[in-house]
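Below, each chain spelled out in residue letters.
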Amino acid sequence: MKKALRYQLSDLKLVFICYFAILLFIFAAGFIGLSLVKINIGSGSVSIGMSGAFVCLITGISMFSEHFLMLIQNGFSRNIYFKSSLCTIGIFSVVFAIAEGLMTKLIQIAALSYKNIKVNTSIQMIFPSLHEKLDGTAGFLMNMLLTALMTGCLFLLGYLVAGIFYRLPKHFKTPFAICLPVTLFIILPLICGLFPSAWNTFVDILLTVMGINSNNLILTYLSFIITFILLSAASFAVVRRAEVK
Amino acid sequence: MKGIEIKGISKTFKDTKALADVNIQLEEGKIYGLLGRNGAGKSTLLNIINNRIFQDEGTVTLDGEPVKENEQVLSRFFLVNENNLYPEGMKVKEAFFWGKEFYPDFDMEYANKLCKVFELPKKRKIKNLSTGYQSIFKNIMALSVNVPYVFLDEPVLGLDAYHRDLFYRLLIEKYAQNPFTVVISTHLIEEVTNIVEHVVIIKNGQIIKNESRDDILNGGYCVSGPATMVNAYISGRETIGEDTIGGLKTVYLLGRPDDVLPDGLEISSMDLQKLFIQLTGV
């Protein structure tokens, strides 16, 4: 499995480097620009947590078929491919979370002279009431764990979606590709608008189960771990019978 | 038994029966020719052997070990086919690098040498290569991996005559140095007649011929001459096909010709391509 893992991690290295290089460039350019122009800027908060998670979602989508075809054609079994993919996602999510935590710290330091700019970690965005408690090393570690879990889940979600798309017969591929964004960006908001009370109840239940309403971090971690396990099981079912087309 | 054993393999795609109860054995250190018309089931069979697609029924084993999802076995196989399964942005030299990572016996020096011989640009992305050069790249991979079982599905697709000849010569050279099992699936039968040792002919998903090349070629002959004389000669003999041009007729027969032939008739040896056409024709 080591060889497969080395290949997958090596391939994703570029995504990692590009993403953080772009972030660094944007923030460096922003702060240098602000210091040169000396304009009054309005207050606001910044967090890079979610953007990283979405980068991982897209990486998961693009990774599935490329890595599957490359590894299967080089004598790897589907089991090894899946195990290697899970390890890749795990390692990538943890490294991503660490880098994101460090990046956030760097931005926080750079933004110290701008009192009206708040730089939040993912955990501070999700649990604003715990803002003060989540500073320092413990806060950094808890944020890292949460970011890694969120990143891992979204990465795996992308991987699963791509896997389902890959396995679908040709005539179902287009409807699937259309239905997914339509459901997310049209049908769901429509339901939310038409049945606000039902939607609010649903969101409330979800936030309670995830421990966000009660500020219970353990419950949040647990819900992400369960989601990761469920997504892994579903992904394995997809990979197990996938064929080279 | 040493080698690959294929037992009772069947595969159906929707309403098309691609393979129906296929049974063959592929021995170690032999060159096989897998012949069949378009859609006969050659690629399906090679894909099943290489664990790329799943069979509906039957088993494939190597030295008694099941092949399906078995990495120990699969690491001894290498299949080249017409599809480009390499990542979009991968360059030739990167593919060689990973070839070396995945196959410990991959001969990088030999691969580089073949790149020079075929004038394959190593810095070029695989997807940007022409069809012919993509075939060359895949053939170089196949010749450099040094695994005991190599499967070549249409290896000379898009190759000009010079490169085809070069490839066949290199294949024979490699085989002579260290024999390995090669299964060549191709439509250019005449070109591989002198390379293959064993011929497997597949028609509508079924194996209709599975014999050594020499047995096949010695097992039949062609007789040609005026139609009336040929008709008289073939009466009571087993024929597999015939061609008629004007008053001249050529008939393909199984068995051995008589020592003495009537004047006006000509005997020639069976040609693998002719035999293939006769056997696989409607």
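Anything mentioned here points back to the structure above.
Residues numbered from 1 in each chain as written. Chains lettered and ligands numbered in written order. Predicted model: local features only at pLDDT ≥ 70, side-chain atom pairs only at ≥ 80, totals over all residues. Heavy atoms only, no water.

### Things to note about the environment of K42(B)
Residues and elements named next belong to chain B.
- Its location among the elements puts K42 in helix α1 (residues 42–49).
- Here the alpha-carbon distance between K42 and L62, two residues 20 residues apart in the chain, equals 19 Å.
- Apart from the residues lying within four places of it in its own chain, the contact partners of K42 are L34, L35, G36, R37, S185, H187 and I202. (Helix = DSSP H or I, 4+ residues; strand = E, 2+ residues; numbered from the N terminus. Contact = heavy atoms within 4.5 Å.)

### Some words on the packing of aromatic side chains
- Evaluated as defined, the whole model comprises 31 aromatic pairs over all chains.
- With centroids separated by 4.9 Å and ring planes inclined at 75°, the aromatic side chains of Y19(A) and F20(A) adopt a geometry described as edge-to-face.
- The buried category is assigned to F20(A), whose relative accessible area is 11%.
- For the ring pair Y86(B) and F137(B), a centre distance of 5.1 Å and an interplane angle of 70° mean the geometry is edge-to-face. Taken together, the positions of Y86(B) in the loop between β6 (77–80) and α3 (92–102) and F137(B) in helix α5 (residues 131–144) put the pair 51 residues apart, joining distant regions of the chain.
- Each residue in the set F16(A), Y19(A), F20(A), F92(A), F96(A) and F155(A) is aromatic and connected to the rest through ring pairs, giving one cluster.
- K245(A) extends its terminal NZ or CZ atom over the ring of Y166(A), reaching a point 4.8 Å from the ring centre.
- Just above the ring of Y233(B) sits the side chain of R237(B); from NZ or CZ to the centre is 3.9 Å. (Phe/Tyr/Trp six-rings, centres within 6.5 Å; stacked < 30°, edge-to-face > 60°. Buried < 20%, exposed > 50% of the residue type's maximum accessible area, 1.4 Å probe, protein only. Lys NZ or Arg CZ within 6 Å of the ring centre and 35° of its normal.)

### What to know about the sheet that holds strand β12 (residues 239–245) of chain B
All names here are of chain B.
- Sheet architecture is open: four strands sit in the order β12-β13-β11-β14, paired in antiparallel fashion. A single partner strand is all that each edge strand has here, and the edge strands are β12 and β14 (266–269). Strand-to-strand twist of the sheet, defined as the mean angle between neighbouring strand axes without regard to direction, takes the value 20°.
- Pairing of strand β11 (residues 220–226) with strand β13 (residues 248–254) involves seven bridges; the strand directions are antiparallel. Residue P226 lies in a different strand from β13, and its bridge partner there is L248.
- Packed on one face of the sheet, helix α10 (residues 272–280) meets β12 and β13 and runs near 105° to β12. (Pairing = 2+ DSSP bridges. Axes fitted to C-alpha atoms, helices over the stretch in contact; angles between N-to-C directions.)

### Focus on the sheet that holds strand β2 (residues 16–26) of chain B
Residues and elements named next belong to chain B.
- Strand order across the open sheet formed by four strands is β2-β1-β4-β5, with antiparallel pairing between neighbours. Lying at the two open borders of the sheet, with one neighbouring strand each, are β2 and β5 (65–66).
- Bridging between strand β1 (residues 4–13) and strand β4 (residues 57–62) involves five bridges; their strand directions are antiparallel. Paired with I6 across the two strands is V60, which belongs to β4.

### Remarks on the side chain of T280(B)
Residues and elements named next belong to chain B.
- With respect to the element layout, T280 can be found in helix α10.
- There is a polar contact of 2.6 Å between the side chain of T280 and the backbone oxygen of F276.
- Contacts of T280, omitting those with residues within four sequence positions, involve R37, I201, K203 and I208. (Polar contact = N/O pair within 3.5 Å; in protein donor to acceptor, adjacent residues only side chain to side chain.)

### Overview of the pattern of salt bridges
Residue and element names in this part refer to chain B.
- Across all of its chains, the model carries 12 salt bridges over all chains by this definition.
- Among the salt bridges present, the one from K127 reaches E88, with a minimum N-O distance of 3.5 Å. Note that K127 is positioned in the loop between α4 (108–118) and α5 and E88 in the loop between β6 and α3, a separation of 39 residues in sequence.
- Note on K127: relative accessible area 39%, which makes it partly exposed.
- Residues E242 and K249 are paired through a salt bridge, measuring 3.4 Å at the closest nitrogen-oxygen approach.
- Judged by relative accessible area, which is 43%, E242 ranks as partly exposed.
- Given a relative accessible area of 9%, K249 falls into the buried group. (Salt bridge = Lys/Arg side-chain N within 4 Å of Asp/Glu carboxyl O.)

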